[in-house]
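Structural overview for review
Listed below, chain by chain, are the residues.
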Amino acid sequence: MKNHHRISAVIRKTLLGVLGIILVLSVLFLVWSSNPARPMEEAVAALESTGDVKITFEDWLAFEPVGQQPKTGFIFYPGGRVDYRAYAPMAQMIAANGYLVVITQMPLSLAVFDP
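Since the model is a prediction, treat every value here as computed from it, not as a measurement.

Right, let's talk about the overall build of the chain for a bit. Counting its secondary structure elements, the chain contains three helices and four strands. Across the chain, helices and strands are ordered from the amino to the carboxyl terminus as α-α-β-β-β-α-β. Burial status across the chain gives 26% buried among its 115 residues. Nonlocal contacts in the chain, meaning residues at least 24 apart in sequence, comprise 67% of its contacts between residues at least 6 apart. Element-wise, carbon and sulfur atoms account for 65% of the exposed surface of the chain, whose accessible area totals about 8200 Å².

And the structure:
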C-alpha cells in the first residue's frame, strides 16, 4: 500500500509540475506576442489621408484612392509580431495607384489566430 501511495504522489507532483510549466509558458507567450514591433515614424506619417488617398480606421485600416472607384482591392495580412500600421507607406503607394488596400489587425499581432 505504501508503494501505491508513493507512486500516486509522484504522479500528482509530476502533473502539477507540467501544469505549472504550461502556465508559465502561456504567460510568457502572451507577454511576447502582445509586444509587436512598433511602426517607424514614416509609417505613422503615412496614416494621414492625402489628396490622393483617404484612410479610414475600423478594426482594420482602409486606404482608398480619392476621386475614383477602385475595381480591385488588396487585403494585406501583417507579418507576425509586426504592428499592422507599419505597412501604411506601402498601402499608401498602392492606393495612390487606384487600388483599395485593407490592412487587417490581428489578435496578438499573429495572423494564425484569425485566418
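Here we come to the sheet that holds strand β2 (residues 60-65). Ordered by their spatial adjacency, four strands build an open sheet running β1-β2-β4-β3, and the pairing between neighbours is mixed. Looking along the sheet, the strands with just one partner apiece sit at the ends: β1 (53-57) and β3 (73-76). Adjacent strand axes in the sheet meet at a mean angle of 15 degrees when their direction is disregarded. Bridging between β3 and strand β4 (residues 100-104) involves four bridges; their strand directions are parallel. Counterpart to Phe76 in the pairing with β4 is Ile103. Contacting β1, β2, β3 and β4, helix α3 (residues 88-96) crosses the sheet at an angle of about 30 degrees to β2.

Taken together, the side chains of Leu16, Val18, Leu19 and Ile22 define a hydrophobic patch exposed on the protein surface, amounting to about 390 Å² of accessible area. With respect to the element layout, Val18 can be found in helix α1 (residues 2-33).

Right, let's talk about the pairing of β2 for a bit. As paired elements, β1 and β2 share five bridges and run antiparallel to each other. Following the sheet pairing, Phe57 is matched in β2 by Leu61. Hairpin remark: β1 followed by β2, antiparallel, with two residues in the connecting loop. Where β2 and β4 come together, four bridges link them in antiparallel fashion. In the sheet register, Leu61 faces β4, and the bridge partner there is Ile103.

The next point concerns the nonpolar core. If you look at the biggest cluster of nonpolar residues, it comprises 14 residues, and the most contacted ones within it are Leu61, Phe63, Val101 and Ile103. Of all elements in the fold, only β1, β2, α3 and β4 reach the threshold of two or more residues within this core. Take this core: its biggest share by element is three residues, from α3.

Bringing α3 into the picture now. Turning to α3, its buried residues are Ala88, Ala91, Gln92 and Ala95. Buried residues of α3, seen end-on, are gathered within an arc of 105 degrees and therefore sit on one face of the element. Each element contacted by the buried residues of α3 is listed here: α2 (41-45), β1, β2 and β4. Gly98, located one to two residues past α3, shows a positive phi value of around 100 degrees.

What counts and how
- Residues numbered from 1 in each chain as written.
- Predicted model: local features only at pLDDT ≥ 70, side-chain atom pairs only at ≥ 80, totals over all residues.
- Heavy atoms only, no water.
- Helix = DSSP H or I, 4+ residues; strand = E, 2+ residues; numbered from the N terminus.
- Buried < 20%, exposed > 50% of the residue type's maximum accessible area, 1.4 Å probe, protein only.
- Contact = heavy atoms within 4.5 Å.
- Areas by Shrake-Rupley, 256 points an atom, 1.4 Å probe, with all protein chains shown as cover.
- Pairing = 2+ DSSP bridges.
- Axes fitted to C-alpha atoms, helices over the stretch in contact; angles between N-to-C directions.
- Patch = residues over 30% accessible without salt bridge, like charges linked within 9 Å, V, L, I, M, F, W, Y side chains within 5 Å.
- Salt bridge = Lys/Arg side-chain N within 4 Å of Asp/Glu carboxyl O.
- Core = buried A, V, L, I, M, F, W, Y, C linked by side-chain atoms within 4.5 Å.
- Arc of directions from axis to C-beta.

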